[in-house]
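The residues making up each chain are set out below.
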There are 2 protein chains.
Amino acid sequence: MNAPIIGVDWGTTNLRAFRFSDDGHVLETRRSESGVRSVENGAFEQALLSVIEDWLASDARIFISGMAGSREGWREAPYLPCPASIDALGSALIAPPARFEAWLTPGLSVAHENGMFDVMRGEETQIFGALNDAAPDLIIAPGTHSKWARVEDGCIADIHTHMTGEIFAVLKAHSILGRLMQGDAHDEPAFALGVQRGLADSALLNLLFSVRTEGLFAHVAPQALAAYLSGLLIGSEVAEGLSRRHMERDASILVIGAGEIALRYRSALALAGAERVDVINGEDAAARGLWRIAQAKGAV
Amino acid sequence: MNAPIIGVDWGTTNLRAFRFSDDGHVLETRRSESGVRSVENGAFEQALLSVIEDWLASDARIFISGMAGSREGWREAPYLPCPASIDALGSALIAPPARFEAWLTPGLSVAHENGMFDVMRGEETQIFGALNDAAPDLIIAPGTHSKWARVEDGCIADIHTHMTGEIFAVLKAHSILGRLMQGDAHDEPAFALGVQRGLADSALLNLLFSVRTEGLFAHVAPQALAAYLSGLLIGSEVAEGLSRRHMERDASILVIGAGEIALRYRSALALAGAERVDVINGEDAAARGLWRIAQAKGAV
């Protein structure tokens, strides 16, 4: 029997741990609120043990992705430049100080022609977990910072981050737009109206003010304004992302996400005319990616 | 001798009062933090008296612009549709309940072809105060909500609001980008870099993430990141506004503002290639506009 393999997707605000069978199936999943930001005084080892101590055999190996490998995390696993393969990732794992064998996955960086950089940390593992033999033309991992990635020859070749989720959250919580809203229930007509306007017009600083005027003139109900804002932002993101690549309507797009957020991106992509959109659950993608990183490291 | 005329520019967060001479010169200006939002239980009359009671002769007339005439203000002076002349404004003044003669100026609204609305309240008075015989092609009143207006035949014909100032403030105070910043001192190279990127690329949700990566890779110092963000946003606003009108380089642009913010817009417009930019102080424009509204009402 091989040494037990454990995978950990350790982000800023939460942690998900996977216990694998010898052949890479997830036997058990645990979820915790012990995100990197909640760890005090560098007590990462204890934070992890509090979730999975009973899984640890003496020869267990733990593969960790996400912000635990950032500068503010357990130990920094420096960004690997794109294009990057999963083998390159497996060769660049960093061991944090611990009483057990653990490996932190590096994030990826890319330098764009216009002098700007982009990065991801955690999503690379989901992407490698989501890939099948036929790579999609484009991969989108929505979230606080929504990542758009392109895969070429099995490598993650390009990254663009869109701050969609965070902009939505700060505007809802702290701006005049949020004060007009009642709740944040989904409202498909208001969401679709926002998406269509976001797709049609790139003047986002102006578009955002329409949340106020649509509320002021009672065209969109206070209960639907959050969905309208969400549509404006996701529509703008989709327009930014698709125009960058001059994507054809029949390009294949894979969305890594779950629940409401995945539905919203699927809906916005459909309104943008994208005809081939698949969705994969982010937790499943992370687990499979962590297993593949263990394979790349030669651990299994 | 005519009845004394008093002008009040009464916004959300502050109030400026002007005592005029018989021929329209400002004899005295008072500034107060008694913005509309700070007035409790509808005590607008008392709030105003606390600033200018000693100016009030029995026959004084007070002309008020700004949010005091909004739904959340003293009494609502409904939006007047564009195109609107100063005479139309003077005919639509609304008297709030008060022991003295006072008049609230309506805001302006516009319905755009794409189904969206836009509004201003207070800036219309500044704009009419700023106009000389030769109207500029474009007027910009920067601020929390930056207003771009077009004047035709002496009427305010079109309005576009950009949420630039508010987006900057909420991102600086409440987002991951703000946590990377140290202070908000102006830094011209970082500001100009942001402006140039904002002008060159309309993908704002993606551009904003460069505040993080420029900080992460130490290309922009933490002390200069706020200026860089300000540049990205103002550059994006200028690109949105100029592309909307297909403005020629020799179009005349009037910026209504003062101090640092006016300098930043002048700098961004210069980087965008605008060759004819004038700046007028917003307080002077408000005072002159209030006087002209009193004239339009036939009070002087």
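Residue numbers run consecutively from 1 along every chain, following the written order of its sequence. As they are written, the chains are lettered A onward and the ligands numbered 1 onward, keeping that order. For a predicted model such as this one, the threshold for reporting local features is a pLDDT of at least 70, and the threshold for listing and counting side-chain atom pairs is 80 or more; totals across whole chains, interfaces and linings nevertheless cover every residue. Heavy atoms throughout the structure, all of them, feed into the side-chain values; hydrogens and water do not.

Quick word on the overall build of chain A
Move 1: Summing up its helical and strand segments, chain A has 11 helices and 13 strands in all.
Move 2: C-alpha atoms define the radius of gyration, and 2.2 Å times the number of residues to the power 0.38 defines the globule rule. Over its C-alpha trace chain A gives a radius of gyration of 20 Å, about what one expects of a compact globule, namely 19 Å for 300 residues.
Move 3: Seen through its principal axes, chain A has C-alpha atoms that stretch 65 × 40 × 35 Å.
Move 4: We call two residues in contact whenever any of their non-hydrogen atoms come within 4.5 Å of each other. A separation threshold of at least 6 residues defines the contact pool for chain A, and within that pool the share at least 24 residues apart is 66%.
Move 5: Residue exposure ignores everything except the shown protein chains as possible cover, and the areas themselves are Shrake-Rupley values with a 1.4 Å probe. Counting only carbon and sulfur atoms, one obtains 47% of the accessible surface of chain A, whose full area is about 12200 Å².
Move 6: Of the charged side chains in chain A, 25 are positive and 38 negative, and the gap between their average positions amounts to 3 Å. Helix and strand definitions here come from DSSP, where helices need a minimum of 4 consecutive H or I residues and strands a minimum of 2 consecutive E residues; each element is numbered from the N-terminal end. Only four residue types enter the tally: Lys and Arg on the positive side, Asp and Glu on the negative side, with His and both chain ends excluded. Charged groups are reduced to one reference atom each: NZ for lysine, CZ for arginine, CG for aspartic acid, CD for glutamic acid.

Looking at the pairing of strand β3 (residues 26–32) of chain A
Two faces make up the sheet, and in a regular strand the side chains alternate between them.
Move 1: Think of it this way: DSSP has to see at least two bridges between two strands before they count as a pair. Inspection of the sheet shows strand β2 (residues 15–20) of chain A paired to β3(A) by 6 bridges, in the antiparallel sense. Its bridge partner being in β3(A), A:Arg19 is matched across the sheet by A:Glu28.

Section: the packing of helix α9 (residues 225–245) of chain A against helix α10 (residues 259–271) of chain A
Residue and element names in this part refer to chain A.
Move 1: The geometry of α9 relative to α10 is characterised by a closest axis approach of 10 Å and an angle of 60° between their N-to-C directions. As summarised for this structure, α9 and α10 are arranged oblique, according to the angle between their axes. α9 and α10 meet at a crossing whose hand is right-handed. Across the interface between the two elements, Ser230, Ile234, Glu237 and Val238 of α9 pack against Arg264, Tyr265, Ala268 and Leu269 of α10.
Move 2: Basically, the charged four are Asp, Glu, Lys and Arg, the nonpolar ten are Ala, Val, Leu, Ile, Met, Phe, Trp, Tyr, Cys and Pro, and anything else, Gly included, counts as polar. Classifying every residue of the contact of α9 with α10 by side-chain character gives 5 nonpolar, 1 polar and 2 charged. To get an axis, fit a line to the C-alpha atoms, keeping to the stretch in contact for a helix; angles then go from 0 to 180 degrees between the N-to-C directions. In these notes the angle categories are as follows: under 35 degrees is roughly parallel, over 145 is roughly antiparallel, 65 to 115 is roughly perpendicular, and the rest is oblique. The hand of a helix crossing depends on one turn: near helix anticlockwise from the far one by less than a right angle means left-handed, and clockwise means right-handed.

A look at the sheet that holds strand β4 (residues 61–65) of chain A
All names here are of chain A.
Move 1: Across the sheet, 5 strands lie side by side as β3-β2-β1-β4-β6; this open sheet has mixed pairing. Unpaired on one side and paired on the other, β3 and β6 (101–104) mark the two borders of the sheet. Averaged over all pairs of adjacent strands, the angle between strand axes in this sheet comes to 20°, irrespective of strand direction.
Move 2: Relative to the sheet, helix α11 (residues 282–296) contacts β1 (5–10), β2, β3 and β4, its axis offset from that of β2 by approximately 55°.

A short note on the interface of chain B and chain A
Move 1: Listed as interface residues are 49 residues of chain B and, on the opposing side, 49 residues of chain A.
Move 2: Once two parts are brought into contact, the accessible area they lose, counted with a 1.4 Å probe and summed over both, makes up the buried area. Counting each side, the surface lost to burial between chain B and chain A is near 4000 Å², with a carbon and sulfur contribution of 67%.
Move 3: On the chain B side of the interface with chain A, the three residues burying the most area are B:Met116, B:Leu205 and B:Phe209, jointly 19% of the side's total.
Move 4: Should a side-chain nitrogen of Lys or Arg be within 4 Å of a carboxyl oxygen of Asp or Glu, the pair is scored as a salt bridge. Remark: the boundary between chain B and chain A carries 0 salt bridges.
Move 5: Polar contact criterion, stated in full: a pair of N or O atoms within 3.5 Å, where within protein one must be able to donate a hydrogen and the other to accept it, and residues adjacent in sequence count only if both atoms are side-chain atoms. At the surface where chain B touches chain A, the tally comes to 21 residue pairs in polar contact (both at pLDDT 80 or more).
Move 6: Secondary-structure elements contributing two or more residues to the side of chain B that touches chain A are β8 (117–120), β11 (155–162), α4 (164–174), α5 (176–179), α7 (204–207), α8 (209–216) and α9 (225–245) of chain B.
Move 7: In the side of chain B that touches chain A, the residues fall into 21 nonpolar, 16 polar and 12 charged.

Notes on the sheet that holds strand β3 (residues 26–32) of chain B
Residue and element names in this part refer to chain B.
Move 1: Within the open sheet, the 5 strands sit side by side as β3-β2-β1-β4-β6. Their pairing is mixed. Where the open sheet ends on each side, the last strands, each with one partner, are β3 and β6 (101–104). Strand-to-strand twist across the sheet, computed as the mean angle between neighbouring axes with direction ignored, equals 20°.
Move 2: Across 5 bridges, strand β1 (residues 5–10) lies against strand β4 (residues 61–65) in parallel orientation. Looking at β4, one finds that glycine 7 is bridged to phenylalanine 63.

A short note on the nonpolar core
Move 1: For the purposes of this section, nonpolar cores are sets of buried Ala, Val, Leu, Ile, Met, Phe, Trp, Tyr and Cys residues that join through side-chain atoms within 4.5 Å. For every residue, the accessible area obtained with a 1.4 Å probe (protein chains only) is divided by the maximum for its type, and the residue is called buried under 20%, exposed over 50%, and partly exposed between those limits. The biggest cluster of nonpolar side chains holds 68 residues, and the ones touching the most others in it are A:Leu208, A:Ile253 and B:Leu208.
Move 2: A total of 10 residues in this core trace back to one element, the largest contributor, which is α9(A).
Move 3: Ignoring sequence-local partners within four residues, the contact set of B:Leu208 consists of A:Met163, A:Ile167, B:Leu171, B:Leu177, B:Leu229, B:Leu232 and B:Leu233.

Description of the relation of the copies chain B and chain A
Move 1: Copies overlap after least-squares fitting; the atoms used are the C-alpha atoms of residues with pLDDT of at least 70 in both. Mapping chain B onto chain A calls for a rotation angle of 180° and an axial translation of 0.0 Å; the resulting RMSD is 0.0 Å. With respect to symmetry, the two chain copies, as superposed, fit the operation of a two-fold axis.
Move 2: Of the interface residues in chain B, 100% have counterparts in chain A that sit at the interface too, so the contact is made through matching surfaces.

A few points about the packing of aromatic side chains
Move 1: Two aromatic rings, drawn from Phe, Tyr or Trp (for Trp, its six-membered ring), form a pair once their centres lie within 6.5 Å of each other, and the interplanar angle then sorts them: stacked below 30 degrees, edge-to-face above 60, tilted otherwise. Under the defined criterion, the tally for this structure stands at 12 aromatic pairs over all chains.
Move 2: With centroids separated by 6.0 Å and ring planes inclined at 50°, the aromatic side chains of A:Tyr79 and B:Phe217 adopt a geometry described as tilted. A residue pair is termed interchain when its members come from two chains, as with A:Tyr79 in the loop between β4 and β5 (80–81) and B:Phe217 in the loop between α8 and α9.
Move 3: Joined through ring pairs, the aromatic side chains of A:Trp10, A:Phe44 and A:Trp74 make up one cluster.
Move 4: In this structure, A:Arg121 is placed above the aromatic ring of A:Tyr79, and the distance from its NZ or CZ to the ring centre is 4.4 Å. Whether a charge sits over a ring depends on NZ of Lys or CZ of Arg being within 6 Å of the ring centre and within 35 degrees of the ring normal.

Considerations on the side chain of A:Asp158
Residues and elements named next belong to chain A.
Move 1: You can see aspartate 158 is positioned in strand β11 (residues 155–162).
Move 2: Judged by relative accessible area, aspartate 158 falls into the buried class, the value being 8%.
Move 3: Of the polar contacts made by the side chain of aspartate 158, one reaches the side chain of histidine 112; its length is 2.7 Å.
Move 4: Excluding residues within four positions of it along the chain, aspartate 158 makes contact with Val110, His112, Trp148, Ala149, Arg150 and Arg245.

Quick notes on the packing of helix α6 (residues 188–200) of chain A against α9(A)
Residue and element names in this part refer to chain A.
Move 1: At a closest axis distance of 6 Å, the pairing of α6 and α9 adopts a crossing angle of 35°. Two packed elements cross with a definite hand, and for α6 against α9 that hand is right-handed. Contacts between α6 and α9 pair Ala190, Phe191, Leu193, Gly194, Val195, Arg197, Gly198 and Leu199 from the former with Ala227, Tyr228, Ser230, Gly231, Leu232, Ile234, Gly235, Ser236, Val238 and Ala239 from the latter.
Move 2: Residues of the contact of α6 with α9, tallied by class, amount to 11 nonpolar, 6 polar and 1 charged.

Notes on unusual backbone geometry
Move 1: Cis geometry marks the peptide bond from A:Cys82 to A:Pro83, where omega comes out at -5°.
Move 2: Of note, A:Pro83 is situated in the loop between β5 and α2 (86–91).
Move 3: At B:Asn41, a residue that is not glycine, the phi angle is positive and equals roughly 55°.
Move 4: Within the secondary structure, B:Asn41 is located in the loop between β3 and α1 (44–52).

Let's talk about the pairing of β4(B)
Residues and elements named next belong to chain B.
Move 1: In terms of burial, β4 is largely enclosed, as 4 of its 5 residues are buried.
Move 2: Taken together, the 4 bridges between β4 and β6 define a ladder with parallel strand orientation. Opposite phenylalanine 63, over in β6, you have tryptophan 103 as the bridge partner.

Observations regarding the confidence of the model for chain A
Move 1: How sure the predictor is of each residue is captured by pLDDT, a score from 0 to 100. Put simply, chain A has an average pLDDT of 95, and 99% of its residues get 70 or more.
Move 2: Across the predicted assembly, pTM comes out at 0.95 and ipTM at 0.95.

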